[in-house]
Amino acid sequence: MFRHRRVRILTVLLSGWVALTVVERVAEDAPWPSAALGGLLWASLVAAVWWFAEWTQSPLRTAREAAEARRREAAVAYGETVPADGDTDKDTDGGTDPGPGPAGRSHDSPAPARR
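Residues numbered from 1 in each chain as written. Predicted model: local features only at pLDDT ≥ 70, side-chain atom pairs only at ≥ 80, totals over all residues. Heavy atoms only, no water.

A word on the packing of aromatic side chains
What counts is decided by this rule: For Phe, Tyr and Trp, rings pair up if their centres lie within 6.5 Å, where Trp contributes its six-membered ring, and each pair is then called stacked (planes under 30 degrees apart), edge-to-face (over 60) or tilted (otherwise). The helix and strand labels rest on DSSP assignments: H or I over at least four residues marks a helix, E over at least two residues marks a strand, and numbering proceeds from the N terminus. Using a 1.4 Å probe on the protein chains alone, a residue whose accessible area is under 20% of its type maximum counts as buried, one over 50% counts as exposed, and one in between counts as partly exposed.
Enumeration according to the criterion identifies two aromatic pairs in this entry. On the basis of an interplanar angle of 10° and a centroid distance of 5.6 Å, the ring pair of Trp51 and Trp55 is categorised as stacked. With Trp51 and Trp55 both in helix α2 (residues 32-77) and four residues apart, this pair spans about one turn of that helix. For Trp51, a relative accessible area of 39% translates into the label partly exposed. Of the residues examined, Trp55 reaches a relative accessible area of 45% and is grouped as partly exposed. A ring pair is formed by Phe52 and Trp55, whose centres lie 5.9 Å apart and whose planes are at 45°; its orientation type is tilted. Of this pair, Phe52 and Trp55 both sit in helix α2, three residues apart, which is roughly one turn of that helix. We classify Phe52 as partly exposed; its relative accessible area is 45%.

Below is the structure:
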């Protein structure tokens, strides 16, 4: 449900409207119609800022998701197993990375090191 941006923005708007209307009513001692209008004004501002933050982060998320999909496709094409969560960057050996092997090659390189 929260996968779509418009649903998240609408949720922020509605929950913000309720919360800020209560704040206007209790803290400012405003009558309900005025508190509801003031709450809607502030909630709209909060939702607009939220939308802008998501909009500016969208290209980064899209690029990350595309890169992960390419890594999964490459792993499947080469017959490697892909973790259930799809994250191919996690260490499966408990986090110990031996670093590059001899002559700058990684340890799982099929080519022998030059001597």
